[in-house]
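Reading the structure
Each chain is listed here by its residues.
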Amino acid sequence: MRKLLIFVHHPFDLWNGPSWFAEGLQAEFPQLNVVHLPDYKRVDAEISDAEITITWSIRPEQIKAAKKLRWIHSPAAAVHQLIFPELVNSDIVLTNAREVHGPVVAEHVIAQIFALAKKIPDAVRLQQNHEWGQQRMWDELPRVREVAGATVGLVGLGSIGRAVAKNAKALGMRVIAVREHPGKESEGADMVFGPAQVNEVFREADYVVLAAPVTDDTKAIANAERLALMKPDACLINVARGQLVDEGALASALREKKIGGAAIDVFRKEPLAPESPLWDVPGLLVTPHTAALTGKLWERHYELFSENLRRYLSGQALLGVVDKHKGY
């Protein structure tokens, strides 16, 4: 019998697949043997005859041992941790869940834009001090401002970027973006640049949103040089991965008031250590990697994966296929 092996384990409860997920797949696809592991202890024993796996973490030696493995599905959007030679050079198809996370993360981006524009973190601090700080909130730069008419600059126009563009346009914002192939559909953006013109996005945008995968070209894309291009009241938002930001350069830019603010959901090392200086950087809104959280998460995962499983078993093209050589 063909085998589907699920091994998704994480300290954060929501990232762990619920039992009903595997049970539903077993009931819907009785021709498969669905094995759901609660942790990684039995992976080596179970993977040797698995044809399909759902996981975001697999080792090169496990790829070599999995002689029947033909398809890996990652319930995450980011797959840089899976891009190693043993997988890249194999015939194994890799898919991800970018379409599951995109709309939810985009909502978080809009929330961050509003929080920064309306100085909500400042108001929270004033409330904690029982201070009616109307004059203070107005006097301290950058000032409270309107969102309509502001420019959002998207670094990445994938599932997150497309949803952000749609939401931002509905709010009356101008949208510019950078993507690998600027000649493709604009996805609602007013202007699309190629990678060589990424500096224009940092220069023009009031809100620079990082929504690109981790590649050699995107690592530390928000470095000191690009942060220096930003307007003094512009803000940086990162909902991609921590590797896209030079965290030291960002902290310096905020402390020296070279940019207006930042909202960061992802960090180079997570969880962010209690002693990290980033907690106390003025103008930095920290969220603990919560952009993709939703009570509907595993329902969305089930809808996507079950559709892909039907396609796989009938020999049709899969959704969300990752170009392993590019890493996204």
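Here goes a summary of the coordinates provided. Computed from a prediction, not measured in an experiment: that's the story for all the values here.

Quick notes on the rules
Residues numbered from 1 in each chain as written. Predicted model: local features only at pLDDT ≥ 70, side-chain atom pairs only at ≥ 80, totals over all residues. Heavy atoms only, no water. Helix = DSSP H or I, 4+ residues; strand = E, 2+ residues; numbered from the N terminus. Rg over C-alpha atoms; globule rule 2.2 N^0.38 Å. Buried < 20%, exposed > 50% of the residue type's maximum accessible area, 1.4 Å probe, protein only. Contact = heavy atoms within 4.5 Å. Core = buried A, V, L, I, M, F, W, Y, C linked by side-chain atoms within 4.5 Å. Pairing = 2+ DSSP bridges. Axes fitted to C-alpha atoms, helices over the stretch in contact; angles between N-to-C directions. Right-handed = clockwise from strand over helix to strand, strands pointing away. Polar contact = N/O pair within 3.5 Å; in protein donor to acceptor, adjacent residues only side chain to side chain.

We now examine the overall build of the protein chain. In terms of regular secondary structure, the protein chain is built from twelve helices and twelve strands. A globule of 328 residues ought to have a C-alpha radius of gyration of about 20 Å, and the protein chain, at 21 Å, matches this closely. Overall, the C-alpha framework of the protein chain stretches about 70 × 45 × 35 Å when taken along its three principal axes. The buried share of the protein chain, reckoned over its 328 residues, is 50%. Within the protein chain, contacts between residues separated by at least 24 positions form 63% of all contacts whose residues are at least 6 apart in sequence.

Turning our eyes to something else, we now look at the nonpolar core. Generally speaking, nonpolar side chains in soluble globular proteins are found buried as a group. Counting 58 residues, the largest nonpolar core has Leu4, Ile6, Leu25, Ile113, Leu154, Phe305 and Leu309 as its most contacted members. The contact partners of Leu309, leaving out residues within four places of it in the chain, are Leu4, Leu25, Phe29, Leu32, Ile52 and Trp71. If you look at the next biggest cluster of nonpolar residues, it comprises 34 residues, including Ile176, Phe193, Ala205 and Ala251.

Here we come to the sheet that holds strand β6 (residues 151-155). Pairing between the strands of a sheet comes from backbone hydrogen bonds, and it takes one of two forms, parallel or antiparallel. In space, the seven strands of this open sheet follow the order β8-β7-β6-β9-β10-β11-β12, with parallel pairing throughout. A strand with exactly one partner marks an edge of an open sheet, and here the two such strands are β8 (191-193) and β12 (284-286). Direction aside, the axes of adjacent strands within the sheet are offset by 15° on average. Alignment of strand β9 (residues 207-210) against strand β10 (residues 235-238), held across four bridges, turns out to be parallel. Along β10, the bridge assignment pairs Val208 with Leu236.

What follows is about the pairing of strand β7 (residues 174-178). The two faces of a sheet get side chains in turn, since along a regular strand they alternate between them. Across the five residues of β7, four count as buried, placing the element largely inside the fold. In this sheet, β7 lies alongside β6 in parallel orientation, the contact comprising five bridges. Each bridged residue has a counterpart across the sheet, and for Val155 the counterpart in β7 is Val178. Taking the sense of rotation as the criterion, the β-α-β connection linking β6, helix α8 (residues 159-170) and β7 turns out right-handed.

Another point: the sheet that holds strand β2 (residues 32-37). The strand order across the open sheet built from five strands is β2-β1-β3-β4-β5, with neighbouring strands paired in parallel fashion. Edge positions in the sheet fall to β2 and β5 (93-95), since each has one partner strand and no second. Neighbour to neighbour, the strand axes of the sheet diverge by 15° on average, direction disregarded. Sheet topology note: the strand β4 (residues 71-73)/β5 ladder contains three bridges and is parallel. The residue bridging His73 from the neighbouring strand is Thr95, located in β5. Across the sheet, helix α1 (residues 19-28) is in contact with β1 (2-7), β2 and β3 (52-54); its angle to β2 comes to roughly 175°. Sitting on the sheet, helix α12 (residues 297-313) is in contact with β1, β2, β3, β4 and β5, with an inclination near 170° to β4.

Turning to helix α11 (residues 247-255), its buried residues number three or more, namely Glu247, Ala249, Leu250, Ala251, Ala253 and Leu254. Each element contacted by the buried residues of α11 is listed here: α10 (224-227), β10, β11 (261-264) and β12. One side-chain oxygen at the N-terminal end of α11 lies 3.2 Å from the backbone nitrogen of Gly248; it belongs to Asp246. At the C-terminal side of α11, Lys257 shows a positive phi close to 55°.

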